[in-house]
Amino acid sequence: MTKLLNRSLKAFALYALLILLISIPVYVLVVDYIWINELDESNWLTLQHTKKRLQSQPFTPAEIENINHIWGELQPGVSIVKADGNISFQDSVYEAIRPNEYDKDDGEDRFRGLKSYLKINDVPYVLTIETNVEESDETLAAITAVTLLFFIFLIVGFILLNRRIAAKSWHSFYQTLRALKSFELSKDISIDLPESGIQEFQELNQSLHQLITNSVNTFQQQKSFTENASHELQTPIALLKSKLDLLIQQKAISPEITEILNSIEAPLSRLSRINKNLLVLAKVENHQYNDKEQIDITDYLESAITLFEDYLDEKQLQLTNSVDQPILVNANAFLMETLIHNLLSNAIRHTPRAGRISVSNVGESLQVMNTGKESLDQKKLFKRFSSPTKDSTSSGLGLAIINEIAFKYSWKVAYDFQDGSHNFSVTF
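Below you will find a few notes about this structure. Every chain is numbered on its own, with residues counted from 1 as its sequence reads. Per-residue local features of the predicted model are confined to residues with pLDDT of at least 70, and side-chain atom pairs are confined, for both listing and counting, to 80 or more; whole-chain, interface and lining totals are unaffected and use all residues. Side-chain descriptors were evaluated using all non-hydrogen atoms of the structure, hydrogens and water having been removed beforehand.

## Remarks on the overall build of the protein
Numbered from the N terminus, helices here are DSSP runs of H or I no shorter than four residues, and strands are runs of E no shorter than two. Tallying secondary structure elements over the protein gives ten helices and eleven strands in all. Each radius of gyration reported is based on C-alpha atoms, and the globular scaling rule is 2.2 Å times the count of residues to the power 0.38. Over its C-alpha trace the protein gives a radius of gyration of 49 Å, far above what one expects of a compact globule, namely 22 Å for 428 residues. Across its three principal axes, the protein shows a C-alpha extent of roughly 160 × 45 × 45 Å. Here's how the labels work: a residue is buried when its accessible area is under 20% of the maximum for its type, exposed when over 50%, partly exposed in between, all with a 1.4 Å probe on protein chains only. Scored against the burial criterion, the 428 residues of the protein give a buried share of 36%. Contact between two residues is taken to exist if any of their heavy atoms lie within 4.5 Å; hydrogens are not considered. Within the protein, contacts between residues at least 6 apart in sequence are counted, and of these 68% link residues at least 24 apart. As displayed, the protein has an accessible area near 27100 Å², and 56% of this comes from carbon and sulfur atoms. For the charge count, each Lys or Arg is scored as positive and each Asp or Glu as negative, with His and the chain ends excluded. To locate a charge, the coordinates of NZ of Lys, CZ of Arg, CG of Asp or CD of Glu are taken. Of the charged side chains in the protein, 40 are positive and 53 negative, and the gap between their average positions amounts to 8 Å. Using a 1.4 Å probe, accessible areas were evaluated by the Shrake-Rupley method; residue-level cover was limited to the displayed protein chains.

Now the structure itself:
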């Protein structure tokens, strides 16, 4: 995944490379144009000076021939030869590519020349001024090398500037990102977003702060409602159960009424469990179980197994406890007891009659395995009021409480189904 700044750097680098590549032939054409103009001007000035000197003195044909010979030896490219006929012509510029007789190893060279007609002692002559032009391929190679060198400098500068801009401009953004990553809605801690000198980041922080504040307030209201509702429901539920027990114990009621009362007792018991579990969840989320102590899980396991003996006998379940060494954790005693009770009650509920339950440990991981027919729905496993099975007696909060307690202490809860066995594990 590419960072935002690196993505813009890549685009700028490609754009710069494209522009520089296009600039190379443009530079070559411009340099060649300037070079040719300068050569033409130099040839014209040399021509005018030479014509003036030749026409200022009377030279014999033999002297002209001697001058031409000396020029050919000392300054190749300058010549004066007798014209064919007596027809004058305008000064003309020409360009030729031919081997350089003074540098035969260099192959063909490019020449720029100027021819002019003049008369010396009424004799027509052709004066030629010719200059070797810098080869275009050498110019192209030189400009390409320089351009690529500057492109490297440009990229290095882009990278350094990009890092410097990121360090200064994006500092507040990364502070905000770290604050958001460490923020937990369930903890009663407000988020502290930094001030930024960049308008966009400041507006982002203000919007995030408002959003989080509204979310925290809503979450706190929901938790408060859940806790208060659960607490207030305890008394009327207990009163209903006691009145229901008194009615069942009456001797003067008919069997039909007794059956109705018994059918009411089951959903009332489920309502009582739901209320109790909601209260536990609300207290865990409100951090009301913050006191810790060192706990040996094996003691709580033995106590919980003893408590569930009647349920095990009723379903004819065989439970094996093979935890052979102490498992010490720092946690709240009530929450640890609740976690173990929920693990065992969940295993008992989902084990068919005459099935087997096994409790073991691997290092600091507690494992509870029980026989079963099919895998539980893992999408609904730890969600509240989402029972992973069709068991109507389940409150749908037992596994949610396990998950919430594990989250509080940063423990890891895992589930899998293999070879006809459910396997819940908690790694401390």
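## Let's talk about the environment of Gly372
Relative to the helices and strands, Gly372 resides in the loop between β9 (365-371) and α10 (398-408). A sequence separation of 25 residues divides Gly372 from Ala347, and the C-alpha atoms of the two residues are 9.4 Å apart. Non-local contacts of Gly372, meaning those with residues more than four positions away in its chain, are made with His350, Pro352, Phe417, Gly420, Ser421 and His422.

## Regarding the sheet that holds strand β3 (residues 108-120)
The pairing of strands in a sheet comes from backbone hydrogen bonds and takes either a parallel or an antiparallel form. Note: two strands are recorded as paired if DSSP finds a minimum of 2 bridges between them. Taken together, the four strands give an open sheet; going across it, the order is β1-β4-β3-β2, and neighbouring strands pair in antiparallel fashion. Each end of this open sheet is capped by a strand with a single partner; those strands are β1 (78-82) and β2 (92-99). On average, each strand axis in the sheet is inclined to that of its neighbour by 30 degrees, with strand direction left out of account. Between N-to-C directions, angles span 0 to 180 degrees; the directions come from axes that are lines fitted to C-alpha atoms, helices contributing only their stretch in contact.

## A few points about the pattern of salt bridges
Opposite charge on two side chains allows them to pair when their charged atoms are near. Any carboxyl oxygen of Asp or Glu within 4 Å of a side-chain nitrogen of Lys or Arg constitutes a salt bridge here. Applying the stated rule across the entire model yields four salt bridges. In this structure, Arg110 engages Glu95 in a salt bridge whose closest nitrogen and oxygen atoms are separated by 2.9 Å. Of this pair, Arg110 sits in strand β3 while Glu95 sits in strand β2; the two residues are 15 residues apart in sequence, bridging distant segments of the chain. Exposure remark for Glu95: the relative accessible area of 39% places this residue in the partly exposed category. In this structure, Arg112 engages Glu95 in a salt bridge whose closest nitrogen and oxygen atoms are separated by 2.9 Å. With Arg112 in strand β3 and Glu95 in strand β2, this residue pair connects regions lying 17 residues apart in the sequence. When salt bridges with common partners are traced through the structure, they connect Asp32, Asp40, Glu95, Arg110 and Arg112 into a single cluster.

## Digging into the sheet that holds strand β11 (residues 421-427)
Here five strands make up an open sheet; going across it, the order is β6-β8-β9-β11-β10 and the pairing mixed. Edge positions in the sheet fall to β6 (318-321) and β10 (412-418), since each has one partner strand and no second. For this sheet, the mean inter-axis angle between neighbouring strands, taken without regard to orientation, is 15 degrees.

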